[in-house]
Amino acid sequence: MRRHEIAATLAVAMLCAPAAARAQTADPAAGAKIAENGSASGAPACSSCHGDHGEGQPESGFPRLAGQVAAFLVHQLDSFADGNRPNPIMAPIATALSPQQRVDVSAHFERFQAVSPPTPPQDAKAAARGYELAATGDWPRGLPACSQCHGLKGEGVGAVFPMISGQNALYIETQLKAWRAGERKDDPMGLMRAVASKLSDEDIAAVAGFYAGAAVWAGQPSPSASRASTEKKP
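A brief look at the structure comes next. (Residues numbered from 1 in each chain as written. Predicted model: local features only at pLDDT ≥ 70, side-chain atom pairs only at ≥ 80, totals over all residues. Heavy atoms only, no water.)

## Considering the overall build of the chain
Put simply, the rule is: Under the DSSP-based scheme used, a helix requires at least four consecutive residues in state H or I and a strand at least two consecutive residues in state E, with every element numbered from the N terminus. Buried, partly exposed and exposed residues are distinguished by accessible area as a fraction of the type maximum, computed with a 1.4 Å probe on protein chains only: under 20%, between the cut-offs, and over 50%, respectively. Where accessible areas are quoted, they stem from the Shrake-Rupley method and a 1.4 Å probe; at the residue level, only the protein chains shown are allowed to cover.
A count of helical and extended segments in the chain gives 13 helices and zero strands. Counting all 234 residues of the chain, 46% fall into the buried class. In the form shown here, the chain has an accessible surface area of approximately 11700 Å², with 59% of it arising from carbon and sulfur atoms.

What follows is the structure, encoded as structure tokens:
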């Protein structure tokens, strides 16, 4: 797919922002109570897996929610509830929350600053490949740059494309493999399935590790990526 075709596809995809978040007024204070204590209908406290401030649990692969656009989080909760995003842990939790509660708790986590825990450095080869996929893609294989959808710094774009900069590597790897296997289907127009289907296990590990360590990425290679690129030159 050519660059202009991808741009046109993304423009259409951006029009697909989740309707639920647009239709209801959020109450972040009510969402904070659910995040801290759970709900009367049986949903456990979000903080038990995602941390008190939505920072996630990298060692367990629970994602960081802090700073994600609320409409994106609402869409994920809706997808867990309706089965478009199968997950044995999140499906019953999302189902136990009313549509209004999903909006409220999503608004709560949107308010937090996205702060990521320290991430172990990648080896030079993996760092260079991760940067390449993030910044320029692999056009001979039909792979667009991650930055074309997720922003130059991985900061996310609108309600459709989430922030991935600083997200934990285990979570990113798990989701890319789920898209590749066709287990996750909640992305607009199948864009992520198309991308993930062309990624090898090594590519997935490289780009996941890159973004996990890219909390303050300014569109430039990390030091390890720069060294790897230099080492390749004769």
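## A word on the packing of helix α10 (residues 169–180) against helix α12 (residues 201–212)
For clarity, the threshold we go by: Interaxial angles span 0 to 180 degrees and are taken between N-to-C directions of axes, which are lines fitted to C-alpha atoms, for helices over the stretch in contact. Rotating anticlockwise by less than a right angle from the far helix to the near helix defines a left-handed crossing, while the corresponding clockwise rotation defines a right-handed one. Note on contacts: a residue pair is in contact if any heavy atoms of the two residues lie within 4.5 Å.
Following both chains from N to C, one finds α10 and α12 inclined at 140°, their axes separated by 8 Å at the closest point. As for how α10 packs across α12, the hand of that crossing is right-handed. Where α10 approaches α12, its residues Ala-169, Ile-172, Glu-173, Leu-176, Lys-177 and Arg-180 are matched on the opposing element by Asp-201, Ile-204, Ala-205, Val-207, Ala-208, Gly-209, Tyr-211 and Ala-212.

## Examining the packing of aromatic side chains
Rule in force here: Two aromatic rings, drawn from Phe, Tyr or Trp (for Trp, its six-membered ring), form a pair once their centres lie within 6.5 Å of each other, and the interplanar angle then sorts them: stacked below 30 degrees, edge-to-face above 60, tilted otherwise.
Within the structure shown, the criterion is met by three aromatic pairs. With 6.4 Å between their ring centres and 40° between their planes, Phe-109 and Phe-112 make a pair best called tilted. According to the relative accessible area criterion, Phe-112 is partly exposed, its value standing at 23%. With a centroid separation of 5.3 Å and 75° between ring planes, the pair formed by Phe-210 and Tyr-211 is classed as edge-to-face. An aromatic cluster is present here, built from Tyr-131, Phe-210 and Tyr-211 joined pairwise through their rings.

## Side note on helix α3 (residues 28–37)
Condition: This arc is taken over the directions from the axis of the helix to the C-beta atoms.
Where α3 is concerned, the buried positions are Gly-31, Ala-32, Ile-34 and Ala-35. Considered in projection along α3, the buried side chains sweep an arc of 165° and stay on one side of the axis. Those residues of α3 that are exposed and aimed more than 90 degrees away from the buried face are Lys-33, Glu-36 and Asn-37. In this structure, the buried residues of α3 make contact with α4 (47–50) and α7 (99–110).

## So, the pattern of salt bridges
Note the cut-off: Between Lys or Arg on one side and Asp or Glu on the other, a salt bridge is scored when a side-chain nitrogen of the former is within 4 Å of a carboxyl oxygen of the latter.
In the structure shown here, the tally under the stated rule is nine salt bridges. The partner of Asp-203 in a salt bridge is Arg-129, with the nearest N and O atoms 2.9 Å apart. Placement of Asp-203 in helix α12 and of Arg-129 in helix α8 (residues 124–135) is noted, with a sequence separation of 74 residues between them. For the pair formed by Asp-203 and Arg-129, the shared burial category is buried. Among the salt bridges present, the one from Arg-184 reaches Asp-186, with a minimum N-O distance of 2.7 Å. Like Arg-184, the residue Asp-186 is buried in the burial classification.

## Points about the side chain of Ser-147
Topologically, Ser-147 is positioned in helix α9 (residues 147–150). Exposure remark for Ser-147: the relative accessible area of 16% places this residue in the buried category. Not counting chain neighbours up to four residues away, the residues in contact with Ser-147 comprise Ala-134, Ala-135, Leu-152 and Tyr-211.

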